[in-house]
Amino acid sequence: MTAVLDRTLDGAYPDYLRCLDDADETGAIDIAVALLDYGVPADRVLLDLVAPAQAQVGEWWARNEWSVAQEHAATHVSERVVAAVAATVRPRPSRERIVVACLDGEWHALPARLVAEVLRLDGWDVTFLGASVPSPHLVSYLHRHDPRAVLLACALPMRLPHAFRAIEACRRTDVPVLVGGRAFGADGRWARKLGVAWAADARAASAVLATPAFDVPHGASFLDDAEYAGLVAARVELIDLALDRLDLARYSPPQVDATVADLGYIVDSLTAAVYVDDATLFGEFVSWMRTVLASRKVPLQTVGSTFDVMAGRLRDFPRARAYLRGAAPRLAA
Ligand code: B12
C-alpha cells in the first residue's frame, strides 16, 4: 500500500507520476482510491490527476525522454486506475443511453474512456465501444440501439477527413453526433469547420448532451475541393519522390520504416490542413514534428529538403504549396 500523505490532488500528483514512472500499478490505484476516500470527487481524480499525468507522459515521449515501452507501461497503469475508480464509484444510470467510440484507425482509447467514465458519473447510461471502431459496424450498432447520441473521439488532426466521413455516416442514422479530442483543435475550431458539435472535455460534453438539439449540420463546402482530392491522389507519389532524394542505403531498416511513416504524417497533415482550409493545422504539426525529430537527433535540413521536393511537385496546389512554404521556418525555430 502506497502511503497517500497528501489528501489533495495537487499534492498527490507528483507521487502519481512516480508510480507511472515505476509502472507501479498498485501504488497508482492506492493513490486514486485514497483520494476518493478523502472525499475528492471521482471526476476530478479522472480529469485532474489521470488526464494531466497522461499528457505529461506524452511530453516525455515526444522529447525522447521516455521510450515507447515506458509510455505503454504508464498508459496501462492509468487504464487500471480508471477501471479501479469506475469500480469503486458505480452510479445507477438516471439519464439516456449514449455511445462513446473512437473512430476507425484511432487507437487513443484512454481519452475516450475518461470521457465515458465521467459521463457515467453524471448519470448517463454509457456504452463504451473502445478503440478504432470501423464505421459500418458503428453505424449498424447505432441502428440497433438508437441512443440519445454518439460521441466520437479523435486525437490526431491528420485523421480529420476520415473523421468527417464517419460523422456523416453516423448522422445518416439520425443519431446526433458530438465530437471531441485533440484532433479538433484546442478550441474546437476544426469541429466548427466540419460543422459538428464539439466539447472540450467530459464535463462540457454532459452539458451539450443535455441540450435538446445540439447537432445541427451546416455547410461543408470543402467537400467539393479539387485540391484536397488531388492531394489524396498524389499521396504515394509524394512519399516516393521524397524517398528518392534520400540516401536510404545509409539508413537502418527501422530508420527506413520510421522515415516512411514520417513522410506519411507530413502528407496526411498537409492534406488535412487543406481539407479544413487552415494553414495552422499544418503549422502546429510541423512544430510538433520538429520537437520529436530534433530530440531524436534527426537532421532537420532533411525535412526542409523534403518540403522543397513536395512543393515542387505541388505547383498546381496553391494552398498546399503555401502551407509547406509557410511552415518551413518552424523547422528552424
Ligand atoms: C497513450 C498514448 C498513445 C497510446 C494510446 C493507448 C490508449 N489506450 O489510449 C498509443 C501507443 C496507442 C498511441 C499511439 C500513437 N500516438 Co499517442 N499518445 C498517447 C498519450 C501519451 C496519452 C493519451 C491520453 O491518454 N491522454 C490523456 C487525455 C485525457 O488527454 P486528451 O486527449 O487531451 O483528452 C481530453 C480532451 O481532449 C477531451 N476528449 C478526448 N477525447 C474526447 C472525445 C469526446 C467525444 C469528447 C467530448 C472529449 C474528448 O476530454 C479529455 C479529458 O479532458 C498522448 C499524449 C496526450 N497529450 O494526450 C499521445 C499523443 C496523443 N500521441 C501522439 C502520437 C503522434 C501517436 C502516434 C502517431 C505515434 C506513432 N508514431 O505511432 C500513434 C497514433 C495511433 C493512432 N492511429 O491512433 C501525439 C499526437 C501529436 C499530434 N500533434 O498529433 C501525442 C500528443 C503525444 C505527443 N506529445 O507527441 N498513443
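Calculation criteria
- The residue count restarts for each chain, going from 1 along the sequence in the order it is written.
- Per-residue local features are limited, in this predicted model, to residues with pLDDT of at least 70; the limit for side-chain atom pairs, both in listing and counting, is 80 or more; totals at the level of whole chains, interfaces and linings are taken over all residues.
- No hydrogens and no water enter the side-chain calculation; it runs on all heavy atoms of the structure.
- Strand pairing is defined by DSSP finding a minimum of two bridges between the two strands.
- Secondary structure counts use DSSP, requiring at least four H or I residues in a row for a helix and at least two E residues in a row for a strand, with both numbered from the N terminus.
- Residue ranges for the domains trace back to a domain assignment, done automatically or taken from a database.
- Contacts: residue pairs with any heavy atoms within 4.5 Å of one another.
- Buried area: the sum, over both parts, of the accessible surface (1.4 Å probe) that disappears when the two are put together.
- Any carboxyl oxygen of Asp or Glu that lies within 4 Å of a side-chain nitrogen of Lys or Arg is treated as forming a salt bridge with it.
- We define a polar contact as two N or O atoms separated by no more than 3.5 Å, with the added condition that, inside protein, one atom must be a possible hydrogen donor and the other a possible acceptor, whereas residues neighbouring each other in sequence contribute only through side-chain atom pairs.
- By convention in these notes, a residue is near a molecule or strand provided one of its non-hydrogen atoms lies within 4 Å of it.
- Throughout, the ten residues Ala, Val, Leu, Ile, Met, Phe, Trp, Tyr, Cys and Pro are labelled nonpolar, Asp, Glu, Lys and Arg are labelled charged, and all others, Gly among them, are labelled polar.
- Note on classification: 1.4 Å probe, protein chains only; a residue is buried when its accessible area is under 20% of the maximum for its type, exposed when over 50%, partly exposed between these limits.
- Among buried residues, the Ala, Val, Leu, Ile, Met, Phe, Trp, Tyr and Cys ones that are joined through side-chain atoms within 4.5 Å form a nonpolar core.
- Stacked, tilted and edge-to-face are the three classes assigned to paired rings of Phe, Tyr and Trp, where Trp is represented by its six-membered ring and a pair needs centres within 6.5 Å; plane angles under 30 degrees give stacked, over 60 edge-to-face, the rest tilted.
- A ring is scored as having a charge over it whenever the NZ atom of a lysine or the CZ atom of an arginine sits within 6 Å of its centre and within 35 degrees of its normal.

Some thoughts on the sheet that holds strand β3 (residues 149–153)
Across the sheet, which stays open at both edges, the five strands sit in the order β2-β1-β3-β4-β5 with parallel pairing between neighbours. Here the strands that pair on one side only, and so sit at the sheet edges, are β2 (125–130) and β5 (197–198). Relative to β3, strand β1 (residues 97–102) runs parallel, the two being bridged by five bridges. Bridged to I98 within β3 is A149.

What about the domain arrangement of the chain?
Under the domain assignment, the chain is made up of domain 1 (9–88), domain 2 (97–209) and domain 3 (223–332). Centre-to-centre, using C-alpha coordinates, domain 1 lies 34 Å away from domain 3. On the side of domain 3, five residues touch domain 1, which itself brings four residues to the contact. Here domain 1 meets domain 3 over a buried area of about 410 Å², counting both sides, of which 54% is carbon and sulfur. Three residues, W61, A62 and N64, lead the burial of domain 1 against domain 3; their summed loss comes to 84% of the area buried on that side. Where domain 1 meets domain 3, there are zero salt bridges. In this structure, the connection of domain 1 to domain 3 is made through four residue pairs in polar contact (both at pLDDT 80 or more).

Side note on the site of the ligand
The environment of the ligand is made up of 36 residues, and the closest members are E79, W107, H108, L110 and W288. Between the ligand and the protein, one listed contact pairs a nitrogen atom with a side-chain N or O atom of Y265 at 3.3 Å. Secondary structure elements with two or more residues in the shell around the ligand: α3 (42–62), α4 (68–88), α5 (109–121), β3 and β4 (177–180). Here the shell around the ligand gets eight residues from one element, more than from any other, and that element is α3. For the shell around the ligand, the class distribution of residues is 22 nonpolar, eight polar and six charged. Of the residues that make up the shell around the ligand, three or more belong to each of domain 1 (9–88) and domain 2 (97–209).

Brief notes about the pairing of β3
Burial analysis of β3 places five of its five residues in the buried class, the great majority of the element. Neither face of β3 is exposed, since A149, L151 and A153 on one face and V150 and L152 on the opposite face are all buried. The sheet contact formed by β3 and β4 spans four bridges and is parallel. Bridged to V150 within β4 is V177.

Quick look at the nonpolar core
A general trend in soluble globular proteins is that nonpolar side chains are found buried together. Among the nonpolar cores identified, the biggest contains 59 residues, and L152 and F282 are the most heavily contacted of them. In terms of residues, this core owes the most to one element, helix α11 (residues 253–276), which gives nine residues. Mapping this core onto the domain boundaries places at least three of its residues in each of domain 2 (97–209) and domain 3 (223–332). Beyond its immediate chain neighbours, meaning those up to four positions away, F282 contacts I266, S269, L270, A273, F307, Y323, L324 and A327. Formed by 33 residues, the second largest nonpolar core is a distinct cluster that contains L17, L49, V57 and V81.

Details of the packing of aromatic side chains
Throughout the structure, instances matching the rule amount to six aromatic pairs. Plain terms: the ring middles of F285 and W288 are 5.8 Å apart, the flat faces sit at 40 degrees to each other, and that makes the pair tilted. In this pair, F285 and W288 both sit in helix α12 (residues 279–294), three residues apart, roughly one turn of the helix. On the basis of relative accessible area, F285 is assigned to the buried category, the value being 9%. An aromatic cluster is built from F282, F285, W288 and F307, whose rings are joined through pairwise contacts. Directly above the ring of W190 sits R189, whose terminal nitrogen or CZ lies 4.4 Å from the centroid. Cation over ring: R296 sits above W61, and NZ or CZ is 5.1 Å from the ring centre.

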